[in-house]
Amino acid sequence: MALPATMNVLGLVVGVVLIFLMGLLSEVSVELLIRFSVLCKASSYGEVVQCALGRTAKVLSEICIIVNNAGVLVVYLIIIGDVMSGSLHHVGVFDQWLGHGVWDHRRLVILVVLVLLLAPLCALDKIDSLTLTSAASVALAIVFVVVCFTVAAIKLIEGKIEPPKMVPDFSSEKSILDLLVVIPIMANAYVCHFNVQPIYNELEGRTPQKMYRVGRITTVLCVAVYACTAISGYLLFGSGTESDVLTNFDEDLGVPFSTALDYIVRVGYILHLVLVFPVLHFSLRQTVNDLVFEGSAPLTESRKRCLAMTVVLLGLIYLGSTMIPNIWTAFKFTGATTAVSLGFTFPALVALKLGQRGAECLTLKEKFLAWLMLVLAIIVSIAGVVGNIYSLESKSD
């Protein structure tokens, strides 16, 4: 939902190129992670990092997973609040349906969704229990993309869309600061690496080659969905594109059945978030358990601990959603630090370290890609952190 806003900063040409580049590098890093996880017989992200880089690195990687996943789950709740209760400049679905009242109070809406819809799904203790809900979430995301892309195409043909920005703007200090934080935000979109081992562990007839196919299909689907979402969302709303593009869908789209399409897009995507939320929560809970209760029985064998951790984590995530103002603020910090580390830095370091062993030696091409990911990750992290600091100083001034 933040990708259309990144297009507003980067321009269409640079934005699309970066979506494809990030997807390609992410797929390479996933395959390296799978390869060396099998080599180490690791059952989690932290274990493969420990095998290559030691216990300190394992703890650091687990902290990154916790911060990243908690941050993204907070973002999901913020989006739910934005859409159902409205934001500063946009009207919520409940306001449009029922008018203003206690039922559209932002914190109450988020709490009700959390308790009635999210908590029961998050209480499940196996990731394969979420197979059907995950499939449904993908289908809802595709519905969102099809609607947005179709509306944008109709308006483009009718000449109702303002000429889009094609390349970044370097004319002001604010534009340059936005550029520094926008790439880390885009990096968030591809960070799935902490779920690679849990999914591989439960994959029927698992082999590295079969998991590679899973990763490649996923990456192709993600690149297509992200590119279509970013392009169509930016074309529809231009320079007025919000950090959460869903909030823009409270206005007349300039096509027949505009009101119905607005509701389909917003409510459909909220259902998508409800269904995908438990997948990220699963890896968050698992990582917290590995870090805090190291050496104890698996969560699948301790139902009370599983439920207690679920309640505590959902409570903290809810508090975070009431304190962070918007998704751009959350994404730009997690993107520059934890997302880049999990998606690129750790997989590259694992490959370069373990790739020196016997039959698992890296080819020249693989070494080049690993070093490229590592260098780019460092550059993006430094640029993102510096950009965030300057942005905060500018606002305080």
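This report concerns the structure included in the present document. (Residues numbered from 1 in each chain as written. Predicted model: local features only at pLDDT ≥ 70, side-chain atom pairs only at ≥ 80, totals over all residues. Heavy atoms only, no water.)

### Re the overall build of the protein chain
Phase 1: Broken down by element type, the protein chain carries 14 helices and 0 strands.
Phase 2: Order of helices (α) and strands (β) in the protein chain, N terminus to C terminus: α-α-α-α-α-α-α-α-α-α-α-α-α-α.
Phase 3: Buried residues in the protein chain amount to 53% of all 397 residues.
Phase 4: Within the protein chain, residue pairs in contact and separated by at least 24 positions form 79% of the contacts whose partners lie at least 6 positions apart. (Helix = DSSP H or I, 4+ residues; strand = E, 2+ residues; numbered from the N terminus. Buried < 20%, exposed > 50% of the residue type's maximum accessible area, 1.4 Å probe, protein only. Contact = heavy atoms within 4.5 Å.)

### Describing helix α1 (residues 3–10)
Phase 1: Counting buried residues in α1 gives 8 out of 8 residues, a clear majority hidden from the surface.
Phase 2: Three or more residues of α1 are buried, namely Leu3, Pro4, Ala5, Thr6, Met7, Asn8, Val9 and Leu10.
Phase 3: Count one or two residues on from α1 and you reach Gly11, which has phi positive near 85 degrees.

### Some remarks on the nonpolar core
Phase 1: If you look at the biggest cluster of nonpolar residues, it comprises 107 residues, and the most contacted ones within it are Ile19, Phe144, Phe249 and Phe277.
Phase 2: The biggest single contributor to this core is helix α4 (residues 55–85), with 14 residues.
Phase 3: Leaving out residues up to four positions away in the same chain, Phe249 has contacts with Phe144, Cys148, Leu236, Phe237, Asp262, Val265 and Arg266.
Phase 4: Counting residues in each nonpolar core, the second largest holds 7 residues, with Ile34, Val196, Leu203 and Tyr212 among its members. (Core = buried A, V, L, I, M, F, W, Y, C linked by side-chain atoms within 4.5 Å.)

### Thoughts on the packing of aromatic side chains
Phase 1: One pass over the full model with this rule turns up 6 aromatic pairs.
Phase 2: Ring centres 5.2 Å apart and planes at 80 degrees place the aromatic pair Tyr190 and Tyr226 in the edge-to-face group. Of this pair, Tyr190 sits in the loop between α8 (173–187) and α9 (196–201) while Tyr226 sits in helix α10 (residues 208–237), placing them 36 residues apart in sequence.
Phase 3: Taking relative accessible area as the criterion, Tyr190 reaches 6% and is therefore assigned buried.
Phase 4: Relative to Phe249, the ring of Phe237 lies with its centre 5.1 Å away and its plane at 85 degrees, an arrangement referred to as edge-to-face. Note that Phe237 is positioned in helix α10 and Phe249 in the loop between α10 and α11 (258–292), a separation of 12 residues in sequence. Here Phe237 matches Phe249 in class, with each residue buried.
Phase 5: Among the aromatic residues, ring-to-ring pairing joins Phe144, Phe237, Phe249 and Tyr269 into one connected group. (Phe/Tyr/Trp six-rings, centres within 6.5 Å; stacked < 30°, edge-to-face > 60°.)

### A few points about the side chain of His281
Phase 1: Relative to the assigned elements, His281 resides in helix α11.
Phase 2: Setting aside anything within four residues of it in sequence, one finds His281 in contact with Leu73, Cys122, Thr310, Leu313 and Leu314.

### Describing the environment of Cys361
Phase 1: Tracing the chain through its elements places Cys361 in the loop between α13 (327–354) and α14 (364–396).
Phase 2: When the C-alpha positions of Cys361 and Ala351 are compared, they lie 9.1 Å apart, and in sequence the two are 10 residues distant.

### Topic: α11
Phase 1: The terminal C-alpha atoms of α11, which comprises 35 residues, lie 50 Å apart, in line with the 51 Å expected from a rise of 1.5 Å per residue.
Phase 2: Of all bends in α11, the biggest is about 30 degrees, found at Val276, and the proline Pro278 comes one to four residues later.
Phase 3: By the criterion of burial, α11 is predominantly enclosed, with 25 of the 35 residues buried. (Expected span 1.5 Å × (residues − 1). Bend = angle between axes of the 7 residues up to and from the residue.)

### Observations concerning the packing of α1 against α10
Phase 1: At a minimum axis distance of 7 Å, the contact between α1 and α10 shows a crossing angle of 65 degrees. Regarding the angle of α1 to α10, the classification is roughly perpendicular. Crossing handedness for the pair α1 and α10: right-handed. When α1 is examined against α10, the residues Leu3, Pro4, Met7 and Asn8 are found in contact with a partner set consisting of Tyr226, Thr229, Ala230, Ile231, Gly233 and Tyr234.
Phase 2: Each residue belonging to the contact of α1 with α10 can be placed in one class, and the counts come to 7 nonpolar, 3 polar and no charged. (Axes fitted to C-alpha atoms, helices over the stretch in contact; angles between N-to-C directions. Parallel < 35°, antiparallel > 145°, perpendicular 65-115°, else oblique. Left-handed = near helix turned anticlockwise from the far one by under 90°. Nonpolar A, V, L, I, M, F, W, Y, C, P; charged D, E, K, R; others polar.)

### Details of the pattern of salt bridges
Phase 1: Considering all chains together, one arrives at 5 salt bridges under this definition.
Phase 2: We note a salt bridge from Glu62 to Lys58, for which the minimum N-O separation is 2.8 Å. Taken together, the residues span about one helical turn, with Glu62 and Lys58 both in helix α4 at a distance of 4 residues. Here the two residues Glu62 and Lys58 agree in accessibility, since each one is buried.
Phase 3: Across the pair Glu158 and Lys160 runs a salt bridge, and its minimum N-O distance is 3.1 Å.
Phase 4: Relative accessible area serves as the criterion here: at 48%, Lys160 is assigned to the partly exposed category.
Phase 5: Within the structure, one salt-bridge network assembled from shared partners comprises Glu27, Glu31 and Arg216. (Salt bridge = Lys/Arg side-chain N within 4 Å of Asp/Glu carboxyl O.)

### Points about unusual backbone geometry
Phase 1: A positive phi is found at Lys41, a non-glycine position, where the angle reads about 55 degrees.
Phase 2: Looking at the element boundaries, Lys41 is found in the loop between α2 (12–40) and α3 (45–53).
Phase 3: According to the relative accessible area criterion, Lys41 is exposed, its value standing at 72%.
Phase 4: Residue Phe257 is not a glycine yet carries a positive backbone phi of 60 degrees.
Phase 5: Following the sequence through the fold, Phe257 ends up in the loop between α10 and α11.

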